[in-house]
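Given next are the chains, with one letter for each unit.
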Amino acid sequence: MLKKLLLFALAGVALFTIGILIGHFAIKKNSSSPLPEWVQEVAQDVDENLIEKFIAQVDNAQIEENLKVLTQVPHMATTAGDEATVEYMLKRWQDRDTGLDAAWREDYRVYLSFPDKDKPNNVTVVRGSDVVGSIREKEKAYRTEQDDPEVVQPYAAYGPAGHAKGKLVYANQGKVSDYEHLNRALGNLTGTIAIVRYGGAGRADKGINAAPFGVIGVLVYTDPYDINDGKMSDENETYPHSWYLPPSGVERGSYKTNFGDQLTPYLAAKKDTYRIDEKDITGVSPIPIQPIGFEDAQMLICELDGSEAPETWQGSFPCKYNLGGPGFKNTSHFKDCDVQLDVYNKAELKDSANVMGVIWGSVEPDRYVIYGNHRDSWVHGAVDPSSGTAVMLEITRILGQMVKTGTWRPRRTLIFGSWGAEEFGLIGSAEYAEEYISKLSQRTVAYINVDISVFANATLRASASPIAQDVIFTASKQVKIPGSDTVSVYNNWMQHSNRTSPTHGLIPNMGYLTGAGSDYAAFMHYLGISSMDIAYTYDRSKTRARIYPTYHTAYDTFDYVSRFIDPGFTSHQTVARTAGNVLLRLGDSILLPFKCSDYAESLEQYLRVAMENFEAELKTNGISMEPLKEAVKSFRTAATSLEQTISSSDVVSNSPLKARRINDQLMLLDRAFLNPLAFPDKYGFRHVIWASRSSSVASFPGLADAVVKARTSGLKQDWSQAHKHLSIVTQAISGAAHTLTEAHAAL
Ligand SMILES: [Zn+2]
């Protein structure tokens with residue numbers, strides 16, 4: 001034990017010596033003198049038996065129990081319920097027998113937005129000063145959970161307070177093209193209130209897009225077509241009878257476009273940090289906006305006058321969706337009525353906690369594998385996010401126990417993050433990334449995100465940097481699906497979603513992390529840390545639901561999960577086994593299980609799409625794609641050569657220094673694609689390959705968006721921007737290729 005501690009403390013210094021010593025011992029390896037114990041420790045590699053043991057120990061009953069505790073009360077960020085989950089995480093991670101080496105909280109003072117408890121937001125239908133109809137303030141209670149006084153009224157976080165009264169119009173999903181269509185059809189939208197459905201555009205964009213047309217307020221609802229496969233009745237079709245959303249259910253959410261704390265861009269939101277003026281905040285709706293349930297939306301939409309909305313705008317209500325007169329039909333009891341929005345949201349600075357836990361690495365304590373999920377929910381949050389936290393706690397229970405009993409310690413340091421205030425815009429994880437940017441950039445091997453662990457019971461779903469595809473595949477081949485001793489998670493996944501890879505043939509279809517849907521955003525896009533997002537999800541042939549139906553509502557409860565999402569908690573167990581397996585491989589392998597050739601394949605695929613869609617037009621405008629083709633080719637050459645080096649030499653037993661050198665190349669590969677100046681208008685997006693993209697063409701985001709813009713405008717300066725983005729991505733790829741070649745290769 002003492003020796004272990006000593007080695008641990010000296011690991012940094014020792015590594016230099018070890019290379020020499022190993023060389024020395026390697027020369028003498030035919031003689032009878034055995035290797036000293038500590039040299040063997042340096043050679044600690046992933047242990048398949050240990051992984052099998054881990055898989056066997058993942059207990060569905062423990063996960064169920066975790067979820068029960070985590071979802072006892074609503075735990076919206078910074079509320080008393082949230083504080084209770086902070087305490088619970090600390091208690092678990094500081095447990096003497098099953099805890100981690102250390103656990104602590106880190107608070108940030110963040111800018112949040114809440115409705116006013118004393119003055120609830122109101123939506124009414126009015127004729128003059130008479131109230132003819134009103135929209136419910138709270139969701140209907142089917143069980144005691146919905147009656148909890150801590151259930152926050154449905155609202156649009158960061159939507160401005162304000163009062164708006166006007167004639168109602170229906171604007172489909174609130175995309176720019178939707179408002180354009182509506183504006184053409186009606187001639188003028190000035191002074192109207194728009195009702196729009198979820199989907200198609202970001203939440204805040206539904207208001208941001210509306211304002212330039214003169215729209216003064218927006219109502220947002222979830223159409224049963226998009227979430228409930230058309231089911232609408234709570235007598236027998238929706239929760240509590242099934243997993244479908246009841247008519248009064250309302251999706252809450254953050255109505256802002258940038259991630260992280262809004263007042264402290266690119267700085268951690270500490271108590272005394274410089275803050276920008278509230279009036280300088282961008283990316284929020286300039287007009288009042290309020291989400292409502294579909295039964296109220298039906299009451300409004302089915303009374304609308306005007307011409308029939310296009311076919312693709314129709315939903316599941318038993319009426320024709322009209323655009324609005326603007327306003328209601330002459331035959332309606334709402335004839336001549338206005339819709340009035342009274343929104344009383346207010347912003348506050350609040351202290352939000354991340355809970356951090358760590359298992360120190362034995363050989364490379366200065367290399368981190370981070371595993372995280374947010375802790376805050378909108379209401380009880382049994383699926384989002386507690387299904388992920390319940391899984392994380394089961395993983396840490398097993399690993400913590402192995403550490404406490406002295407049976408195992410990872411080669412690298414494992415850091416666990418329970419992020420705060422994610423629902424308000426990925427705030428806790430973004431502030432963490434901003435505070436520790438230098439250390440995390442230099443030392444982090446990977447980030448694993450498991451937010452919602454189980455959307456549904458059908459199949460694994462993973463999105464990741466392509467470098468991590470192989471390790472996710474390896475782990476998923478080793479784990480069996482619930483209720484089967486023979487079918488692997490991998491095979492089942494391939495059945496549900498697959499593609500043909502030029503290198504590997506038929507494989508499961510792994511997604512890319514191109515957006516900012518959860519806490520991986522700051523790691524992948526801002527820091528360039530190879531990230532992955534893992535969950536169990538739907539059979540797409542069986543439902544159209546755009547997400548699990550009670551998402552962000554008061555019906556996302558333990559009862560809902562245990563009866564409809566995952567009875568028996570075996571899908572949770574499967575996710576814990578798979579994600580934990582990935583974590584162990586990243587933490588313990590001498591050589592990181594990363595494949596840069598899979599990265600090359602993704603770049604080649606993006607290049608093909610770019611050539612098909614853009615090359616001819618670029619050429620017409622005097623811009624050549626040849627340098628980009630050369631860069632992608634050079635990346636493939638460098639990747640092939642590095643992988644040959646890895647497979648041809650016995651790195652593991654011969655040269656820890658060489659292993660460390662190769663690992664650094666792999667660890668830093670995603671970092672090589674960062675360009676802090678590439679997207680000045682996209683907050684936090686610095687990764688040239690995976691940044692968010694507005695264009696539907698699945699290719700390099702800067703290039704795709706610039707070409708689409710230039711194509712529409714025809715302006716010379718827009719084609720210049722396209723040229724600029726082509727050069728940015730070309731040089732990022734060739735720069736990354738250079739980092740993969742041998743250190744002594746010609747520059
Ligand atoms: Zn979440």
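Within any chain, residue numbers begin from 1 and follow the written order of that chain's sequence. For this predicted model, a pLDDT threshold of at least 70 governs which residues receive local features, and a threshold of 80 or more governs which side-chain atom pairs are given and counted, while totals over whole chains, interfaces and linings are taken from all residues.

Observations concerning the overall build of the protein chain
A count of helices and strands for the protein chain gives 24 helices and 19 strands. Atoms considered for the radius of gyration are the C-alpha atoms alone. The globule rule reads 2.2 Å times the number of residues to the power 0.38. Here the protein chain has a C-alpha radius of gyration of 27 Å; the compact-globule value for 747 residues is 27 Å, and the two agree. Oriented by its inertia axes, the alpha-carbon framework of the protein chain measures out at about 100 × 65 × 55 Å. Partly exposed residues are those whose C-beta has more than 12 but fewer than 20 other C-beta atoms within 10 Å; with 20 or more the residue is buried, with 12 or fewer it is exposed, and the C-beta atoms are placed from the backbone. Expressed as a percentage of its 747 residues, the buried residues of the protein chain come to 52%. The way it works is that DSSP assigns letters per residue, a run of H or I at least four long becomes a helix, a run of E at least two long becomes a strand, and they are numbered from the N terminus.

A look at the nonpolar core
Core analysis: the largest hydrophobic core is formed by 215 residues, its most contacted members being Ile195, Ile448, Ile472, Leu583, Cys596, Phe635 and Leu703. Whether two residues are in contact depends on their C-beta atoms, placed from the backbone: they are in contact if these lie within 7 Å. Look past the residues within four positions of cysteine 596 in its chain and what remains in contact with it is Ile467, Ala639, Leu642, Glu643, Leu666, Leu669 and Leu740. By definition, a nonpolar core groups buried Ala, Val, Leu, Ile, Met, Phe, Trp, Tyr and Cys residues that connect through C-beta atoms lying within 7 Å of each other.

Regarding the domain arrangement of the protein chain
What marks off one domain from the next here is an automatic or database domain assignment. By domain assignment, the protein chain separates into domain 1 (2–42), domain 2 (48–113 + 355–588), domain 3 (122–344) and domain 4 (596–740). On a C-alpha basis, the centroid separation for the pair domain 2 and domain 3 is 32 Å. Residue-level contacts link 42 residues of domain 2 with 40 residues of domain 3.

Thoughts on helix 11 (residues 386–404)
Multiplying 1.5 Å by the residue count of a helix minus one yields the expected span of that helix. Given a rise of 1.5 Å per residue, 19 residues ought to cover 27 Å, and the 26 Å separating the end C-alpha atoms of helix 11 matches this to within 8%. In the segment just after helix 11, glycine 406 is the residue with positive phi, at about 75°.

Some points on helix 15 (residues 489–496)
Looking at helix 15, one finds that the buried residues are Val489, Tyr490 and Trp493. Buried residues along helix 15 cover an arc of 95° about the axis, so they all sit on one side. Working note: the arc is built from the helix axis to C-beta atom directions.

Description of the sheet that holds strand 10 (residues 289–291)
Two pairing modes exist for strands in a sheet, parallel and antiparallel, and in both the strands are linked by backbone hydrogen bonds. The criterion for strand pairing is that DSSP finds at least two bridges linking the strands in question. Spatially, 4 strands are ordered 6-7-8-10 in an open sheet, and the strand pairing comes out parallel. Looking along the sheet, the strands with just one partner apiece sit at the ends: strand 6 (168–170) and strand 10. On average, each strand axis in the sheet is tilted by 25° relative to the strand beside it, whichever way the strands run. Bridge analysis of strand 7 (residues 193–197) against strand 8 (residues 217–221) gives 5 bridges, and the strand direction is parallel. Its bridge partner being in strand 8, arginine 197 is matched across the sheet by tyrosine 221. Together, strand 6, strand 7 and strand 8 form the strand contacts of helix 10 (residues 294–301), whose direction differs from that of strand 7 by roughly 130°. As a rule, the C-alpha atoms of each element are fitted with a line to give its axis, helices using only the stretch in contact, and angles between N-to-C directions run from 0 to 180 degrees.

Thoughts on the pairing of strand 7
Across the 5 residues that make up strand 7, a large majority, 5, are buried. A two-sided burial pattern is seen for strand 7, the buried positions comprising Ile193, Ile195 and Arg197 on one face and Ala194 and Val196 on the other. Where strand 6 and strand 7 come together, 3 bridges link them in parallel fashion. Its bridge partner being in strand 7, leucine 168 is matched across the sheet by isoleucine 193. We call a crossover right-handed when, viewed with the strands running away from us, the connection from the first strand over the helix to the second turns clockwise. Where the polypeptide runs from strand 6 across helix 7 (residues 176–186) and back to strand 7, its parallel neighbour, the crossover connection is right-handed. Each parallel crossover has a hand, and the one from strand 7 via helix 8 (residues 203–208) to strand 8 is right-handed.

With respect to the environment of valine 343
Checked against the element boundaries, valine 343 lands in strand 11 (residues 338–343). The contact partners of valine 343, leaving out residues within four places of it in the chain, are Asn121, Gly159, Ala161, Gly162, Pro288 and Gln290.

Digging into the packing of helix 20 (residues 626–648) against helix 24 (residues 716–740)
Their axes nearest at 8 Å, the elements helix 20 and helix 24 cross at an angle of 20°. Considered as vectors, helix 20 and helix 24 are oriented roughly parallel to each other. Considering the relative orientation of helix 20 and helix 24, their crossing is left-handed. Where helix 20 abuts helix 24, its residues Pro627, Leu628, Ala631, Val632, Ser634, Phe635, Ala638, Ala639 and Leu642 lie against Leu726, Val729, Thr730, Ile733, Ser734, Ala736, Ala737 and Leu740. Only Asp, Glu, Lys and Arg are considered charged, only Ala, Val, Leu, Ile, Met, Phe, Trp, Tyr, Cys and Pro nonpolar, and every remaining residue, Gly among them, polar. The residue makeup of the contact of helix 20 with helix 24, split by class, is 14 nonpolar, 3 polar and no charged. Roughly parallel means an angle under 35 degrees; roughly antiparallel means over 145; roughly perpendicular covers 65 to 115; every other angle is labelled oblique. Here a crossing is called left-handed whenever its near helix is offset anticlockwise from the far helix by less than a right angle, and right-handed whenever the offset is clockwise.

So, the pairing of strand 3 (residues 130–134)
The side chains of a regular strand alternate between the sheet's two faces. The pairing of strand 2 (residues 122–127) with strand 3 spans 4 bridges and is classified as antiparallel. In the sheet register, threonine 124 faces strand 3, and the bridge partner there is serine 134. Hairpin remark: strand 2 followed by strand 3, antiparallel, with 2 residues in the connecting loop; positive phi at glycine 128, about 60°.

A word on the sheet that holds strand 13 (residues 364–374)
The mixed open sheet is built from 7 strands, whose spatial order is 1-12-14-13-15-19-16. With one partner strand each, in any of the chains shown, strand 1 (102–114) and strand 16 (459–464) form the two edges of the open sheet. Here the average twist between neighbouring strands, direction ignored, is 20°. As paired strands, strand 13 and strand 15 (residues 444–449) are joined by 5 bridges and run parallel to one another. Looking at the pairing, valine 369 lines up with alanine 446 of strand 15.

Overview of unusual backbone geometry
The amide bond that connects glycine 325 to the next residue, proline 326, takes the cis arrangement and shows omega of 5°. Mapping proline 326 onto the fold places it in the loop between helix 10 and strand 11. For the peptide bond that leads from aspartate 384 to proline 385, omega is 10°, which places it in the cis range. Residue tyrosine 158 is not a glycine yet carries a positive backbone phi of 75°. For tyrosine 158, the position within the fold is in the loop between strand 4 (156–157) and strand 5 (162–166). On the neighbour-count criterion, tyrosine 158 (26 C-beta atoms within 10 Å) is buried. In this structure, leucine 426 takes a positive phi of about 55° despite not being glycine. Residue position: leucine 426 is located in the loop between strand 14 (412–419) and helix 12 (427–435).

Digging into the environment of alanine 659
In this structure, alanine 659 sits in helix 22 (residues 656–667). Look at alanine 659 and you get buried, because 24 C-beta atoms sit within 10 Å.

Looking at the environment of glutamate 435
Along the polypeptide, glutamate 435 turns up in helix 12. Glutamate 435 sits in the partly exposed class, given 18 other C-beta atoms within 10 Å. Along the chain, glutamate 435 and alanine 390 lie 45 residues apart, while their C-alpha atoms are 27 Å from each other.

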